[in-house]
Amino acid sequence: MAKTPMRVAVTGAAGQIGYSLLFRIASGDMLGKDQPVILQLLEIADEKAQKALKGVMMELDDCAFPLLVGMTAHSDPMTAFKDADIALLVGARPRGPGMERKDLLEANAQIFTVQGKALDAVASRNVKVLVVGNPANTNAYIAMKSAPSLPAKNFTAMLRLDHNRALSQVAQKTGKQVKDIKKLAVWGNHSPTMYADYRFATIDGQSVKDMINDDAWNRDTFLPTVGKRGAAIIEARGLSSAASAANAAIDHIRDWVLGTNGEWTTMGIPSDGSYGIPKDVMFGFPVTTENGEYKIVQGLAIDEFSQERINKTLAELEEERAGVAHLLK
Ligand code: NAD
Ligand code: LMR
């Protein structure tokens, strides 16, 4: 028997990431090749953005995806998020000329307050929310705090791109394949302060740390390469990462919904206090997922270097949180 269609809301649907993301959702890459989907697409009311969105929808039509059973365009989150099972919050205000980080935080805080309230009012009570728009962790925190009637655990931020970047760097360094790397994780904020951690990682049961055996490479090459990868892509392409970001969003939701079969991945999730991260801070953790729920991998030893890195990325998140606290009153 055919499955009931799932409603997937996507914001910023006419943007760069949207253009890579929507076609893969509609082709079944995210929720499975037997799962019909309805796309509920949100863009700003601006005439040009809505026109561009219509163009993307024309192309989606022209793909004749068998799994795409419905599609609507919106400029109001209250209609876009109606009964949504999945919400991908991609649209955000980009940093403009002369804009300070604080201005960016405030502009986005407004967007994510409104969208959090709309999710609270109209989305499925089981909605799974992924925030991609930057600053992703703090935007996810704001949306979560603006949706008090939804479980906090339904709100997540995208650290998966950092996770995937780290996997590729480790594969290149060891000469092994990405698919064979297990138990890698990224802690903290989606920003250059994130801490990609391969201390527990294995390849064919062998310790990656022992294989690499080079703390200087970890500190001076690996962590800066992963942490500054977003900026390196902007420098090379003249635009921020889009296809790899969309791919990471697909990976994040697929693993959350369909499970990791005991393997680790990284998700930005509201802390439950594990590893000394204060409750509710939206933090990248190693997780496993099963039956649509994620669980933090517990009991990992945190050495002095790792603790320093975790403290640094936590301090940045707490600073961002303090910067928007007045908007959440
Ligand atoms: P883009 O500018 O190409 O597209 C963003 C779209 O969002 C635009 O079409 C814009 O009109 C729309 N938008 C803006 N405000 C909106 C709102 N309130 N409601 C609905 N739509 C809105 O940008 P992009 O390249 O697609 O990137 C989107 C965001 O994702 C940026 O914030 C970017 O920094 C972030 N990003 C995050 C990661 C990550 O790993 N977390 C990776 C790459 C990019
Ligand atoms: C990325 O990591 O590619 C994005 O968050 C874009 C950026 O500004 O770094």
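Definitions and limits used
Residues numbered from 1 in each chain as written. Chains lettered and ligands numbered in written order. Predicted model: local features only at pLDDT ≥ 70, side-chain atom pairs only at ≥ 80, totals over all residues. Heavy atoms only, no water. Near = heavy atom within 4 Å. Polar contact = N/O pair within 3.5 Å; in protein donor to acceptor, adjacent residues only side chain to side chain. Nonpolar A, V, L, I, M, F, W, Y, C, P; charged D, E, K, R; others polar. UniProt positions renumbered as here; feature names shortened; annotations may be inferred. Helix = DSSP H or I, 4+ residues; strand = E, 2+ residues; numbered from the N terminus. Contact = heavy atoms within 4.5 Å. Buried < 20%, exposed > 50% of the residue type's maximum accessible area, 1.4 Å probe, protein only. Pairing = 2+ DSSP bridges. Axes fitted to C-alpha atoms, helices over the stretch in contact; angles between N-to-C directions. Parallel < 35°, antiparallel > 145°, perpendicular 65-115°, else oblique. Left-handed = near helix turned anticlockwise from the far one by under 90°. Salt bridge = Lys/Arg side-chain N within 4 Å of Asp/Glu carboxyl O. 1 Å grid on protein atoms, 1.4 Å probe; cavity = no way out; pocket = protein on both sides within 12 Å on 5 of 7 lines; lining within 4 Å. Sits in = over half its atoms within 2 Å of the grid points.

**Some remarks on the site of ligand 2**
All residues in the neighbourhood of ligand 2 are listed as N134, R165, H190, G230, I234 and S241. The contact in question runs from an oxygen atom of ligand 2 to an N or O atom on the side chain of N134, over 2.8 Å. Between an oxygen atom of ligand 2 and a side-chain N or O atom of H190, the distance comes to 2.6 Å. Taken together, the residues of the shell around ligand 2 sort by class into one nonpolar, four polar and one charged.

**Let's talk about the UniProt feature "active site" (unreviewed entry) in the protein chain**
Mapped onto this structure's residue numbering, the UniProt feature "active site" (unreviewed entry) falls at H190. Position of H190 relative to the elements: it lies in the loop between strand 8 (185–187) and strand 9 (195–197). Setting aside chain neighbours within four positions, we find H190 in contact with N134, N137, M158, L159, D162 and R165.

**Here's the deal with the environment of Y198**
Within the fold, Y198 resides in the loop between strand 9 and strand 10 (202–203). Between the alpha carbons of Y198 and I212 there is a distance of 9.9 Å; along the sequence they are 14 residues apart. Sequence-distant contacts of Y198, defined by excluding residues within four places in its chain, comprise V170, L184, V208, K209, I212, D214, W217, N218 and F222.

**Considerations on helix 1 (residues 16–26)**
Within helix 1, the full set of buried residues consists of I17, G18, L21, L22, F23, I25 and A26. Here the buried face of helix 1 lies against strand 1 (6–11), strand 2 (37–42), helix 2 (47–63), strand 3 (68–74), strand 4 (86–89) and helix 10 (243–258). A positive backbone phi angle near 100 degrees is found at G28, which sits one or two residues after helix 1.

**Brief notes about the sheet that holds strand 7 (residues 181–182)**
The strand order across the open sheet formed by three strands is 7-10-11, and the pairing between neighbours is antiparallel. Of all strands in the sheet, those bounded by a partner on one side alone are strand 7 and strand 11 (206–207). One ladder, built from two bridges, connects strand 10 with strand 11; its direction is antiparallel. Considered in strand 11, the bridge of T202 is made with S207.

**Details of the packing of helix 5 (residues 136–145) against helix 11 (residues 304–324)**
Close contact between helix 5 and helix 11 brings their axes to 10 Å; oriented N to C, the two are set at 45 degrees. Taken together, helix 5 and helix 11 sit at an angle that is classed as oblique. The handedness of the crossing between helix 5 and helix 11 is right-handed. Within the contact between the two elements, helix 5 uses N137, T138, Y141 and I142 and helix 11 uses L317, E320, R321 and V324. Along the lines of polarity and charge, the residues of the contact of helix 5 with helix 11 split into four nonpolar, two polar and two charged.

**A word on the pattern of salt bridges**
One pass over the full model with this rule turns up 18 salt bridges. In this structure, K33 and D29 form a salt bridge, with 3.1 Å as the shortest nitrogen-oxygen distance. For D280, the salt bridge goes to K145, with nearest N and O atoms at 2.7 Å. Highlighted residues: D280 in the loop between strand 12 (265–270) and strand 13 (282–290) and K145 in helix 5, separated in sequence by 135 residues.

**Observations regarding the site of ligand 1**
In the vicinity of ligand 1, 23 residues are found, and the nearest of them are Q16, I17, E43, V132 and N134. In this structure, I17 approaches ligand 1 through a main-chain N or O atom, which is 2.9 Å from an oxygen atom. For ligand 1, the cavity whose grid points lie within 2 Å of the majority of its atoms is the largest pocket. For the shell around ligand 1, the secondary-structure elements that each account for two or more residues are helix 1 and helix 4 (101–122).

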